[in-house]
Amino acid sequence: MLASTPAFWRVEKGDIDIALLYGQKETPALQVKALVEESLWVVAPPSARLSHKRPLALAQVAQHPFILPGPPQGLRAMIEHAATEAGVALDVVAETNALSVQKSLVAEGQGWTILPAVCVKQEVERGQLSAAPLIPPGLRRTIVLAAPTTRQATAPVRCVVATLLEQVKMAFDAGHWGVFARWIGR
């Protein structure tokens, strides 16, 4: 997640006690604990017949129109950075920060996208979408638990943190992220 996002600001300022953020590094005002590293996948309509067995190069994927979150969303920034590094331009035909809308537009054949595999696992299993990883090294992002360094966590906050960590670990162990993620929490 980019340091310019509202959730980041609110945690760093101490307005909220904890948050799950994407890819955030520690700052003088923010402590983070990395939990899960997840793979980002190319997502397309079922007719594209993408498969986890056939990873794709970003150059191949860039030949299709794209539906992406709007800037400055962190996932959008990560995808655009990868495209720049690969020397390809993406044809962004629609922008939406609503995951359900993004998936619906892709399922209708309006374009392709790149999302965490966990976000489309059920739709792929039901045949509503198809998905494939990017060729190594691919794109990965880290989910972190963030808290402000400006004050000590109260007992209730520590209880919520423990419960949140337990629930994220249980979801991971239950296979919600599939085999294309790894637990890095300690």
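What you see is a predicted model; the values in this text were computed from it and never measured.

Asks: Would you explain unusual backbone geometry in this entry?
Replies: Most of the time, phi is negative for any residue but glycine, and the peptide bond is trans. Between P136 and P137 the backbone carries a cis peptide bond, its omega angle lying at 10°. Despite not being glycine, R49 has its phi angle at roughly 55°, a positive value. Positionally, R49 belongs in the loop between β2 (30–44) and α2 (58–61).

Asks: Just checking my understanding: could you explain the packing of aromatic side chains for this structure?
Replies: Each aromatic ring pair is described using two quantities: the centre-to-centre distance and the angle formed by the ring planes. The final tally for this structure, using the stated rule, is two aromatic pairs. Aromatic side chains F172 and W177 sit 6.1 Å apart centroid to centroid with 40° between the ring planes, which places their arrangement in the tilted category. Neither residue differs from the other here; F172 and W177 are each classed as buried. Arranged with centres 5.8 Å apart and planes meeting at 50°, the rings of F172 and W183 form a pair that is tilted. With F172 in helix α6 (residues 155–173) and W183 in strand β8 (residues 181–183), this residue pair connects regions lying 11 residues apart in the sequence. Note on W183: relative accessible area 23%, which makes it partly exposed. Taken together, the ring pairs connect F172, W177 and W183 into an aromatic cluster. Residue placement shows R141 over the ring face of Y22; its charged tip is 3.5 Å from the ring centre.

Asks: What exactly am I supposed to notice about the environment of V106 here?
Replies: Turning to its location among the elements, V106 is positioned in helix α4 (residues 99–107). Owing to a relative accessible area of 0%, V106 belongs among the buried residues under this scheme. Each C-alpha atom of the pair V106 and V120 lies 11 Å from the other, and the pair is 14 residues apart in sequence. Those residues within four positions of V106 in sequence are excluded, and the remaining contacts are V43, A44, P45, I67, G111, W112, T113 and L129.

Asks: Could you clarify how one ought to interpret the side chain of K103 in this entry?
Replies: Tracing the backbone shows K103 in helix α4. Take K103: its relative accessible area is 15%, and that puts it in the buried class. Looking at K103, its side chain comes within polar contact range of the main-chain oxygen of C119, at 2.9 Å. Side-chain polar atoms of K103 contact the side chain of E123, separated by 2.7 Å. Contacts of K103, omitting those with residues within four sequence positions, involve L115, C119, V120, E123 and L129.

Thresholds applied
- Residues numbered from 1 in each chain as written.
- Predicted model: local features only at pLDDT ≥ 70, side-chain atom pairs only at ≥ 80, totals over all residues.
- Heavy atoms only, no water.
- Helix = DSSP H or I, 4+ residues; strand = E, 2+ residues; numbered from the N terminus.
- Phe/Tyr/Trp six-rings, centres within 6.5 Å; stacked < 30°, edge-to-face > 60°.
- Buried < 20%, exposed > 50% of the residue type's maximum accessible area, 1.4 Å probe, protein only.
- Lys NZ or Arg CZ within 6 Å of the ring centre and 35° of its normal.
- Contact = heavy atoms within 4.5 Å.
- Polar contact = N/O pair within 3.5 Å; in protein donor to acceptor, adjacent residues only side chain to side chain.

Take it as geometry only, folks, not as evidence of what the structure does.
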